[in-house]
Amino acid sequence: MEELVVIDCDGTEQTITATQHSDWDQLGDPCPECGATEYRHFRARGGQYGQTSETVVERTDYWDSQQSLLTQCLSCRSILQKHPAFDLLYDQSDLHQQ
């Protein structure tokens, strides 16, 4: 687990962490803790947007980006992968509830 300390504009410190389970690589792989294959998965996605004939369109042929933020096993609640940005964006109290 990698830990980083972030200080916001009012001087408040927050520790954020990155996690990658050593025995798990990607969605579709079974959970190394319990063998389940259903996950809670968050990702961020961005791209270039424009307008054509008053319709907003996403230009995925030009540029897009995706980043996995969290993958958690729904059976045993193990965190298999977590990007440090997840700590800044989401309340994590519900990750530990059954």
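Residues numbered from 1 in each chain as written. Predicted model: local features only at pLDDT ≥ 70, side-chain atom pairs only at ≥ 80, totals over all residues. Heavy atoms only, no water.

## Focus: the pattern of salt bridges
Stated precisely, the cut-off is as follows: Salt bridge, as used here: a side-chain nitrogen of Lys or Arg that lies within 4 Å of a carboxyl oxygen of Asp or Glu. In this description a helix means any DSSP run of H or I spanning at least four residues, a strand means any run of E spanning at least two, and both kinds are numbered starting from the N terminus. Each residue gets one of three labels from its accessible area relative to the maximum for its type: buried under 20%, exposed over 50%, partly exposed in between, using a 1.4 Å probe on protein chains only.
In the structure shown here, the tally under the stated rule is 2 salt bridges. For glutamate 58, the salt bridge identified is with arginine 45, shortest N-O distance 3.1 Å. Here glutamate 58, found in strand β5 (residues 55-58), pairs with arginine 45, found in strand β3 (residues 39-47); they are 13 residues apart in sequence, far enough to count as distant. Here glutamate 58 falls in the partly exposed class, since its relative accessible area comes to 27%. A salt bridge links lysine 82 to aspartate 87, with the shortest nitrogen-to-oxygen separation between them at 3.0 Å. For the pair shown, lysine 82 and aspartate 87 are each scored as buried.

## Here we look at the confidence of the model for the chain
Our working definition: Values of pLDDT, which run from 0 to 100, indicate the predictor's confidence residue by residue.
Per-residue confidence for the chain gives a mean pLDDT of 85; residues scoring 70 or more make up 91%. Mean pLDDT values for the elements of the chain range from 71 in strand β1 (residues 2-7) up to 94 in strand β7 (residues 79-82).

## Some words on unusual backbone geometry
In this structure, serine 53 takes a positive phi of about 50° despite not being glycine. Within the secondary structure, serine 53 is located in the loop between β4 (49-52) and β5. Look at serine 53 and you get exposed, because its relative accessible area is 70%. Non-glycine residue glutamate 54 carries a positive phi angle of around 65°. Following the sequence through the fold, glutamate 54 ends up in the loop between β4 and β5. Exposure remark for glutamate 54: the relative accessible area of 75% places this residue in the exposed category.

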